[in-house]
Amino acid sequence: MEGNAVDVDLRQVQRDSLPWALMELHQVLAVDTRVELLLRPGTEEDVLEGAGFSVEECRIEPEHEDRVLVRACRARTLPDFVGPEMGVLLCGLNPSEYAADVGVGFARPGNRFWPAALAAGIVRRDRDPRDALATHGVGMTDLVKRASPRADGLTKDEYREGAARLERLVRWLQPRVVCFVGLAGYRAAVDRTATAGVQRGGFGGAIAYVMPNPSGVNGHVTVDDLAAHLRAAAALGA
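Residues numbered from 1 in each chain as written. Predicted model: local features only at pLDDT ≥ 70, side-chain atom pairs only at ≥ 80, totals over all residues. Heavy atoms only, no water.

Asker: Just checking my understanding: could you explain the overall build of the protein chain for this structure?
Answerer: Within the protein chain, the secondary structure is distributed over eight helices and nine strands. Taken over the C-alpha trace, the protein chain has a radius of gyration of 18 Å; the compact-globule value for 238 residues is 18 Å, and the two agree within 12%. In terms of overall dimensions, the protein chain has C-alpha extents of about 60 × 35 × 30 Å along its principal axes. Looking at the protein chain as a whole, 53% of its 238 residues qualify as buried. Long-range contacts, defined here as pairs at least 24 residues apart, represent 69% of the contacts in the protein chain between residues at least 6 apart. As displayed, the protein chain has an accessible area near 11,200 Å², and 48% of this comes from carbon and sulfur atoms. A distance of 6 Å separates the average location of the 28 positive side-chain charges in the protein chain from that of its 33 negative side-chain charges. (Helix = DSSP H or I, 4+ residues; strand = E, 2+ residues; numbered from the N terminus. Rg over C-alpha atoms; globule rule 2.2 N^0.38 Å. Buried < 20%, exposed > 50% of the residue type's maximum accessible area, 1.4 Å probe, protein only. Contact = heavy atoms within 4.5 Å. Areas by Shrake-Rupley, 256 points an atom, 1.4 Å probe, with all protein chains shown as cover. Lys, Arg positive; Asp, Glu negative; His and termini not counted. Charge placed at Lys NZ, Arg CZ, Asp CG, Glu CD.)

Quick look at the structure:
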């Protein structure tokens, strides 16, 4: 361990369970905490980025070819809540700084996502992404991992790189449906002419569904409207 970094050995964690283990680690660390991780060879940096860590170094040590040493920092963002056998993977645009600080996506007062998800019956506990994944097979991620006050500061490169990371994640974990929560993100990253509903061609081998943004500023869309979209996406993944 170097300096005051937290030293964690995750070599015994199975690859499909690694996102959950890293999510739990992310949630108990303060922002900017440095970590040194020992992982199995074959662990992609995508998994670490998705878990909310900024990777500084990732290498196999010559004298220990059975392990990968990662030096990283706990970022001010949300971790992915993902795993195998997801019926639906919900993908937001990027976390707000408020959501990153409280540790739950769509958490800002006035955002209608969680009321809509409860009304749709795809979750049973409010603002609890861990239970959504563990109990209902509903995962959560973001197209761009960087938290920001507003999404209009995101760059074309961030959209492009985020879509590529998301596609690799989907091909790996194989959720049945990817539901993009907000048209703007899908249009910026995938298809600028997209409209709400099922998308032709899918995404990463999964069915792709796009729904309106649940933000309070999108006031013409009601909770019932959003719930209907979530219900339709979940039905495709059943």
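So much for the structure itself; the text now carries on.
Asker: Please clarify how the pattern of salt bridges should be interpreted in this entry.
Answerer: Two side chains that carry opposite charge are able to pair once their charged atoms sit near each other. Counting across every chain of the model gives 18 salt bridges. Here R125 and D128 are joined by a salt bridge, their closest N and O atoms 3.2 Å apart. D128 gets classed as buried once you look at its relative accessible area, which sits at 15%. For K145, the salt bridge goes to D142, with nearest N and O atoms at 3.8 Å. When its relative accessible area of 8% is taken as the criterion, D142 is described as buried. If you follow the salt bridges from partner to partner, you end up with E36, E57, R59 and R71 in one network. (Salt bridge = Lys/Arg side-chain N within 4 Å of Asp/Glu carboxyl O.)

Asker: I'm lost on the sheet that holds strand β9 (residues 206-211) in this one. Help?
Answerer: Paired through backbone hydrogen bonds, the strands of a sheet run either parallel or antiparallel to each other. Read from one edge to the other, the open sheet built from five strands follows the order β6-β5-β7-β9-β8, with strand pairing classed as mixed. Either end of the sheet is taken by a strand with one partner, and the two such strands are β6 (138-142) and β8 (197-203). The mean inter-strand angle of the sheet, taken between neighbouring strand axes irrespective of direction, is 25 degrees. (Pairing = 2+ DSSP bridges. Axes fitted to C-alpha atoms, helices over the stretch in contact; angles between N-to-C directions.)

Asker: Explain the pairing of strand β2 (residues 34-39) to me, please; I cannot follow it from the model alone.
Answerer: Two faces, one strand: in a regular strand the side chains alternate between the faces of the sheet. Counting buried positions over the six residues of β2 gives five, a clear majority of the element. Where strand β1 (residues 6-9) lies against β2, four bridges are found, and the strand directions are parallel. Within β2, the residue paired with V8 across the bridge is L37. The β-α-β motif built from β1, the intervening helix α1 (residues 18-28) and the parallel element β2 has right-handed crossover chirality. (Right-handed = clockwise from strand over helix to strand, strands pointing away.)

Asker: Just to check I follow, could you spell out the environment of L38 for this structure?
Answerer: Mapped onto the secondary structure, L38 falls in strand β2. The contact partners of L38, leaving out residues within four places of it in the chain, are V8, D9, L10, R11, R67, V68 and L69.

Asker: Could you clarify how one ought to interpret a nonpolar patch on the surface in this entry?
Answerer: Taken together, V198, I207 and L236 make up a surface patch of nonpolar side chains, about 220 Å² in accessible area. By the element assignment, I207 lies in strand β9. On the accessibility criterion, I207 (32% relative accessible area) is partly exposed. (Patch = residues over 30% accessible without salt bridge, like charges linked within 9 Å, V, L, I, M, F, W, Y side chains within 5 Å.)

Asker: For this particular structure, what's the right way to read the packing of α1 against helix α5 (residues 129-136)?
Answerer: Two numbers describe a pair of packed helices, the interaxial angle and the distance between the axes. For the pair α1 and α5, the least separation of the axes is 13 Å and the interaxial angle reads 160 degrees. Classified by the interaxial angle, the pair formed by α1 and α5 is roughly antiparallel. Crossing angle aside, the handedness with which α1 passes α5 is left-handed. In this structure, α1 contributes W20, M23, E24 and Q27 to the contact, and α5 contributes R130, L133 and A134. Its residues assigned to classes, the contact of α1 with α5 shows four nonpolar, one polar and two charged. (Parallel < 35°, antiparallel > 145°, perpendicular 65-115°, else oblique. Left-handed = near helix turned anticlockwise from the far one by under 90°. Nonpolar A, V, L, I, M, F, W, Y, C, P; charged D, E, K, R; others polar.)

Asker: Help me understand the pairing of β6 in this model?
Answerer: Summarising burial for β6: five of the five residues are buried, a large majority. When strand β5 (residues 88-92) meets β6, the two strands line up parallel, connected through five bridges. The residue bridging L90 from the neighbouring strand is M140, located in β6.

Asker: Would you explain helix α8 (residues 223-237) in this entry?
Answerer: Residue pairs spaced three or four apart in an α-helix point in one direction, given the helix's 3.6 residues per turn. Over its 15 residues, α8 runs 21 Å from end to end, which matches the ideal 21 Å to within 8%, given 1.5 Å per residue. Buried-residue contacts for α8 involve β5, α4 (113-120), β7 (177-181) and β9. (Expected span 1.5 Å × (residues − 1).)

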